[in-house]
Amino acid sequence: MTTSRTPAVVNGQDATTGVRTVQNYIGGRWVAADATRFGEVRNPATGALVARTPLGGAADVDRAVQAALQAFPGWRRTPPVNRVRPLFKLKDLFERRFEDVARVCTIEHGKTLEESRSSVRRAIDNIDLAVGIPDRMMGTALEDIAAGIDCTSMRQPVGVFAAITPFNFPAMVPMWFLPHAVACGNTFIVKPSERVPLSQAIIFELIHEAGFPEGVVNLVNGAKDAVDAILDHPGIAGVSFVGSSPVAHYVYKRGAEKGKRVQALGGAKNFVVVMPDADMDRAAAVSTESCFGCAGERCLANPVVIAVGDACGPITERLVAEAAKIRVGDGLEPGVTMGPVISKEHLQRITGYIEKGVAEGAKLLLDGRGFKDPKHQDGYFLGPTVFGEVRPEMVIAREEIFGPVLCIIRAKDFDEAVAIVRKHELGNATSIFTTSGKWAREYRYRVEPSMLGVNIGVAAPMAFFPFGGAKGSFYGDLKAHGRDAVEFYTDKKVTITRWF
Ligand code: NAD
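Below, the structure is looked at part by part. (Residues numbered from 1 in each chain as written. Predicted model: local features only at pLDDT ≥ 70, side-chain atom pairs only at ≥ 80, totals over all residues. Heavy atoms only, no water.)

Regarding the site of the ligand
Item 1. The immediate surroundings of the ligand are formed by 28 residues, with K191, E194, R195, S244 and E400 found nearest.
Item 2. Between the ligand and T165 there is a distance of 2.8 Å, counted from an oxygen atom to a backbone nitrogen or oxygen.
Item 3. Between an oxygen atom of the ligand and a side-chain N or O atom of E194, the distance comes to 2.6 Å.
Item 4. Across the complex, the protein chains shield 88% of the 840 Å² of accessible surface that the ligand would expose by itself.
Item 5. Residue assignment for the shell around the ligand shows that the elements contributing at least two residues are α9 (224-232), β14 (236-242) and α10 (245-257).
Item 6. A class-by-class count of the residues in the shell around the ligand yields 15 nonpolar, 8 polar and 5 charged.
Item 7. There are two domains that each give the shell around the ligand at least three residues, and those are domain 1 (3-266 + 473-496) and domain 2 (271-454). (Near = heavy atom within 4 Å. Polar contact = N/O pair within 3.5 Å; in protein donor to acceptor, adjacent residues only side chain to side chain. Areas by Shrake-Rupley, 256 points an atom, 1.4 Å probe, with all protein chains shown as cover. Helix = DSSP H or I, 4+ residues; strand = E, 2+ residues; numbered from the N terminus. Nonpolar A, V, L, I, M, F, W, Y, C, P; charged D, E, K, R; others polar. Domains from an automatic or database assignment.)

Concerning the nonpolar core
Item 1. Residues L87, L90, F94, F188 and F212 are the most contacted members of the largest nonpolar core, which totals 67 residues.
Item 2. The element contributing the most residues to this core is helix α8 (residues 198-210), with 7 residues.
Item 3. Inspection of this core shows a minimum of three residues originating in each of domain 1 (3-266 + 473-496) and domain 2 (271-454).
Item 4. One finds V272, F292, L382 and I432 within the second-largest nonpolar core, a separate group that totals 60 residues. (Core = buried A, V, L, I, M, F, W, Y, C linked by side-chain atoms within 4.5 Å. Buried < 20%, exposed > 50% of the residue type's maximum accessible area, 1.4 Å probe, protein only.)

Let's talk about the pattern of salt bridges
Item 1. If you walk through the whole model with that rule in mind, you get 32 salt bridges.
Item 2. The shortest N-O distance in the salt bridge between K224 and D228 comes to 3.1 Å. A residue pair is termed a helical-turn pair when its members lie 3 or 4 positions apart in one helix, as K224 and D228 do in helix α9 at 4 residues.
Item 3. Note on D228: relative accessible area 13%, which makes it buried.
Item 4. D232 is the partner of K258 in a salt bridge, and the nearest nitrogen-oxygen pair spans 3.5 Å. Here K258, found in the loop between α10 and β15 (261-265), pairs with D232, found in helix α9; they are 26 residues apart in sequence, far enough to count as distant.
Item 5. Overlapping salt bridges bring together K224, D228, D232, R254 and K258 as one network. (Salt bridge = Lys/Arg side-chain N within 4 Å of Asp/Glu carboxyl O.)

See the structure below:
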């Protein structure tokens, strides 16, 4: 991301260009950040500057923590049935502004409008789940743990939590955490990716309208300095992080050193195994969507197909044909099935990987380099790219490219396919295509990635189930949403009682 020195900011607007500088939302008010450096937010389809992100640090974070700390005792004392009322209102506002949020998401991220809509729907699913907290937060009790002595375990909120989130799902990922944390009685701070601050800016307009008490929910914009300030702040009890694996590890370690609860969801390199008995047409269509959806910028994308034995010829042919059908362009335009990648720098990085794949001897079956959208010459576009004859040790098969590049590896049998998956240090998600229940069960049993698709390309995050990977894709133990959210955002108070 490019950064610039202080623009002339007047009431949140850059006075010289009219480009919006996003504000923080602290203690129930929109406030200018205490920043001297600003990140540029560009529409990836056009290259146009659409906003600036203030790259604030410790002062902004401290302001938000003080507001959240002040709000905590009152919010904690608010009965759970009352705490969920602003969430019901938020749900209603989200439904009404659904298209606006989806549109902003596409403008700042580049994914197609349909993809943005799906992600906004998944954000709302988390509100739907969180409003059930009066039931989900209940504890347990046992009479007569000894004669005349009873024992109860009650869930209590912990304090101030923060979420630090990535660029690839600007509207959805913060909502994996926020509704659950506040429904449990905690107060909250969101630090969105500095590359895509606008979806949260519009969502916080809804949060403002929803009627949470001041300081219960706060928004701080920034990059590394803000993250470090969150990790070090003694007023923050826990952190939910989503992003790349090196940063996830860093956040987990530094946060834990400061005594915080941390759940850190990291990067991915996901494999899809295609067995010779699979329905090849379906496997190809679904795997193509899995790899190229959101221009490959998905932690659940399956960018490596392991074709087992005789599956290799038929699946390769179909994957290339399916990929060639993809229509690249501005995600706001109807009919476009793949948008641009996030930035010029990321485009160059992905192109570098394609060059590396060619140099390593993989066979380039479809080359997306040089794609130009005649309407948007300055957009960060890349066509779908497919490599055949990839070997597991090649860089393109090992590293997370996070772009529209598909690699096909041939494995001689099921065992070899399993060994390739198990050998990789990451383990976010994986899929298998087969018509045999035995192979599907065996695959689930033997591979580590925690999100598994059987004849499904993307084992998508369901609000009511836990979500998070394994191995180097996840640091922590309690995952995002599902029942784990209640575990992560509450403490269990055990009381043993005897009355004389
Ligand atoms: P990123 O790690 O660069 O950034 C994530 C967050 O960390 C941002 O808020 C950013 O400001 C902050 N950050 C970045 N560098 C930092 C540093 N050096 N020190 C402290 N904080 C820092 O990730 P990204 O590029 O925004 O997102 C893409 C990555 O996220 C991919 O690796 C993808 O697989 C992963 N991801 C994982 C999941 C999951 O569920 N496991 C979901 C979405 C994305």
